[in-house]
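Close look at the chain arrangement
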Amino acid sequence: MARIVKHEEKMPMEVKVGGESKWICRCGLSKNEPFCDGSHKLCSGEEEEKSYKYKNGKRVEVKDF
């Protein structure tokens, strides 16, 4: 079953592990979750109060979410 998950954060969260920085994805677009792969850059330019879906690197506004 497919699910729609709403992610409001756009930037990764830094976590220190043994003195080393790891970046955890919070945008939901990383192909390497739970780790960030830089995909959050696609979120740049999103408008507040709007919902979007991403497919093949393209952003599409979702009207009825």
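Residues numbered from 1 in each chain as written. Predicted model: local features only at pLDDT ≥ 70, side-chain atom pairs only at ≥ 80, totals over all residues. Heavy atoms only, no water.

**A closer look at a nonpolar patch on the surface**
Spelled out, the test is: Without a salt bridge and with relative accessible area above 30%, a residue can belong to a patch; like charges are then joined within 9 Å and nonpolar side chains (Val, Leu, Ile, Met, Phe, Trp, Tyr) within 5 Å. Values of accessible area rely on a 1.4 Å probe in the Shrake-Rupley scheme; residue burial ignores everything except the protein chains shown. Any carboxyl oxygen of Asp or Glu that lies within 4 Å of a side-chain nitrogen of Lys or Arg is treated as forming a salt bridge with it. Helix and strand definitions follow DSSP, with helices as H or I runs of at least four residues and strands as E runs of at least two, each counted in order from the N terminus.
Taken together, Met13, Val15 and Val17 make up a surface patch of nonpolar side chains, about 220 Å² in accessible area. Topologically, valine 15 is positioned in strand β1 (residues 13–17).

**Observations regarding the packing of aromatic side chains**
Defined as follows: Working definition: rings of Phe, Tyr and Trp (its six-membered ring) pair if their centres are within 6.5 Å, and the pair is stacked with planes under 30 degrees apart, edge-to-face with planes over 60 apart, and tilted otherwise. Criterion for a charge above a ring: Arg CZ or Lys NZ at most 6 Å from the ring centre, at most 35 degrees from the ring normal.
All chains considered together, the criterion is met by zero aromatic pairs. Against the face of tyrosine 52 rests arginine 59, its NZ or CZ located 5.4 Å from the ring centre.

**Quick look at the state of the cysteines**
Quick reminder of the rule: Criterion for a disulfide: a pair of cysteine sulfur atoms at a distance within 2.5 Å. The classification of residues rests on relative accessible area computed with a 1.4 Å probe and restricted to protein chains. Under 20% of the type maximum is buried, over 50% is exposed, and intermediate values are partly exposed.
Within the structure shown, the criterion is met by zero disulfides. Of all cysteine sulfurs in the structure, the one in cysteine 25 sits closest to cysteine 27, which takes part in no disulfide; the separation is 3.9 Å. Given a relative accessible area of 9%, cysteine 27 falls into the buried group. There is no disulfide at cysteine 43, and the cysteine sulfur nearest it, in cysteine 27, is 4.6 Å away. Using a relative accessible area of 6% as the deciding quantity, one classes cysteine 43 as buried.

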